[in-house]
Amino acid sequence: MRLQRLIIAAGVAAAALPALADPQLQSWQTKEGARVLFVEAHENAIVDVQLNFDAGNRRDPSGKPGLADLTLGLIDAGTAKMGEEAVRERLTDLAASLSGSADADSASLTLRVLARPEVRDPAVALVADLVAHPAFPEAVLKRERERSIDNLRQRETDPGFLAGRELTRLMYPAHPYGSGARLSADSLKRISREDLLAFWRTYYRPESAVVAIVGDLTRADAQRLAERLLAGLPKGRPAPPALADVPAIVPGQQKVIAHPASQAHVVFGLPLITRHDPDYYALMAGNYVLGGGGFDARLMRELRDKRGLTYGASSMLAPHEKAGPFEVSFSTRKDQAGEALTVARSTIADFVADGPTEAELEQAKANIVGGFPMRFDSNRKLLGYLAVIGWYRLPLTFLSDYPKKVSALTVSDVRDAWRRRIDPARLATVVIGPATLAEQGAKGEPAGQSR
């Protein structure tokens, strides 16, 4: 996205930010209803702020995927009183950085600035003005829309991108989580300045915002900062509708799409895990054993080490508010795609049936728990966790609970969760590369669709 301003004093950017071994989370609500999470960190004279809105890709209107990204991307394109170049110069003068990103559930703006009030306060005021009075200039929209179309066309030459997009279409054919997979040059061309304004009016609401703050300031300073950030936003607009649950997918869908790339790209998946999933920790630990643990994972051992079918295979879980995806992916030679697909399916089925061994689970637990503090060993990393905790209303003890809950898992916990939650026959499969699989040894696999 366009919103990537990184103009921070070199000395500050290079400053090492020590680990916060036991961050003390504070939380409160603003008078408008926004949730604030705050950690005091006085080791460096820096403040990091993340502002989240219910304006992620799931809010794209039907027929206009990409609107959430473009709206966020043009937030810093100026206000009624300040043009795009003036915003850039002001950020430079304040040695501040401002960036943004949108995912399925939310859109966020992240500010990093020096902690001195004479710098911090004007930077916060600038972000507040941008959020409350975006201009969305027509000329900038035209430029960014064309840039998005060019970027999409470039990505469509990547077979890995095509495989992921097709899998998302199979997993979320009509659900808002599939909006990104419905993006096209035509849909981007249909987005107007009026669409951006309407989207901003509807979803950039202070009542549902989450403000995460980490840095060198007091609780009283943080309270004033959060209030200032949201002060200019119109209040009292109706809340958007709740997100629908993700329907069960059609079992065993498979698409085989011919592509001139030398390698075949294979992906499996199904909607599975939420942020409040009762099986969250058992699924996460099991995924580490199956495909998340790098060279020690089962998929790597079966596909790479034993048979030389790939350089790398992995699995991942992406928890959302509603069911986020479980995915497996690897690349292989086109003439080996059928064999690799059969081995991968068998490995998943065996893992679901039998679960991890004691040794595998102990290794997974040691790696997950041992590496967990490294996930928030800087202010910026910790900020991301605060935003997640705030957005999904996770317990304030989440960071201390996580290693304890992983440590307490048993083989039967993991095996039972995977047996109950994952039916290998329901996995959707996409293969990009060979024209068909039937000719390459994938006998007994579901019939593929080719084009």
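My aim in this report is to walk through the structure given alongside it, one point at a time. (Residues numbered from 1 in each chain as written. Predicted model: local features only at pLDDT ≥ 70, side-chain atom pairs only at ≥ 80, totals over all residues. Heavy atoms only, no water.)

1. Considerations on the sheet that holds strand β8 (residues 254–258)
Counted only if it meets this: One bridge is not enough; two strands pair if DSSP finds at least two bridges between them. Only runs of H or I of at least four residues qualify as helices and only runs of E of at least two qualify as strands under DSSP, and these elements are numbered from the N terminus. Here an angle of 0 to 180 degrees is reported between the N-to-C directions of two axes, which are lines fitted to C-alpha atoms, with helices fitted over the stretch in contact. Contacts are assigned to residue pairs with any non-hydrogen atoms lying within 4.5 Å of each other.
Strand order in the open sheet formed by 5 strands is β8-β12-β9-β11-β10, with mixed pairing between adjacent strands. Edge positions in the sheet fall to β8 and β10 (313–317), since each has one partner strand and no second. For this sheet, the mean inter-axis angle between neighbouring strands, taken without regard to orientation, is 15 degrees. Lying over the sheet, helix α10 (residues 280–292) contacts β9 (263–273), β10 and β11 (324–333), oriented at roughly 170 degrees with respect to β10.

2. Examining helix α12 (residues 337–354)
In an α-helix, one turn spans 3.6 residues; hence positions three or four apart end up facing the same way. The condition that has to hold: Helix span, expected: 1.5 Å multiplied by one less than the number of residues in the helix. Under the scheme applied here, a residue whose accessible area is under 20% of the maximum for its type counts as buried, over 50% as exposed, and between as partly exposed, the area being computed with a 1.4 Å probe on protein chains only.
For α12, which comprises 18 residues, the first-to-last C-alpha distance of 26 Å matches the rise-based estimate of 26 Å (1.5 Å per residue) to within 8%. Buried within α12 are the following residues: A337, G338, A340, L341, V343, A344, R345, T347, I348, F351 and V352. Positive phi appears at G355, one or two residues downstream of α12, with a value of about 75 degrees.

3. Section: helix α6 (residues 159–171)
Stated precisely, the cut-off is as follows: Residues adjacent in sequence count toward polar contacts only when both atoms are side-chain atoms; beyond that, a polar contact is any pair of N or O atoms within 3.5 Å, and within protein one must be able to donate a hydrogen and the other to accept it.
Along its 13 residues, α6 runs 18 Å from first to last C-alpha, staying within 8% of the 18 Å computed at 1.5 Å per residue. Of all 13 residues in α6, 10 are buried, a share of seventy percent or more. Every buried residue belonging to α6 is among P159, F161, L162, A163, R165, E166, L167, T168, L170 and M171, and all of these are buried. The backbone nitrogen of G160 has a side-chain oxygen 2.9 Å away, supplied by the residue at the start of α6, namely D158.

4. Let's talk about the packing of aromatic side chains
Selection criterion: Centre distance within 6.5 Å is the pairing criterion for rings of Phe, Tyr and Trp, where only the six-membered ring of Trp is used; planes under 30 degrees apart are then read as stacked, over 60 as edge-to-face, and the remainder as tilted. Geometrically, a charge over a ring is one whose NZ (Lys) or CZ (Arg) sits within 6 Å of the ring centre while staying within 35 degrees of the ring normal.
Applying the stated criterion across every chain yields a total of 14 aromatic pairs. Where F398 meets Y402, the ring centres are 5.7 Å apart and the plane angle is 80 degrees; that geometry is what we call edge-to-face. Of this pair, F398 and Y402 both sit in helix α15 (residues 398–407), 4 residues apart, which is roughly one turn of that helix. Relative accessible area serves as the criterion here: at 4%, Y402 is assigned to the buried category. Through successive ring pairs, a cluster of aromatic residues spans Y280, Y281, F372, F376, Y385, F398 and Y402. Positioned above the aromatic ring of W200, the side-chain terminus of R237 is 5.7 Å from the ring centre.

5. With respect to the nonpolar core
To be explicit about the condition: Nine residue types can take part in a nonpolar core, namely buried Ala, Val, Leu, Ile, Met, Phe, Trp, Tyr and Cys, and a core is a set of them joined through side-chain atoms within 4.5 Å. Residue ranges assigned to each domain were obtained from an automatic or database domain assignment.
Among the nonpolar cores identified, the biggest contains 141 residues, and Y204, I213 and F326 are the most heavily contacted of them. Of the residues that make up this core, three or more belong to each of domain 1 (25–230) and domain 2 (254–443). Those residues in contact with F326 that sit more than four places away from it in its chain are F268, G269, L270, L272, N287, L290, S315, M316, L317, W418, I422 and L427.

6. A word on the pattern of salt bridges
For clarity, the threshold we go by: Definition used for salt bridges: Asp or Glu carboxyl oxygen within 4 Å of a side-chain nitrogen of Lys or Arg.
Counted by the stated rule, this structure contains 31 salt bridges. The salt bridge partner of D221 is R224, with a shortest N-O separation of 2.6 Å. Taken together, the residues D221 and R224, both in helix α9 (residues 219–230) and 3 residues apart, mark about one turn of the helix. With a relative accessible area of 53%, R224 lands in the exposed category. Note that K306 and E302 form a salt bridge whose closest N and O atoms lie 2.7 Å from each other.

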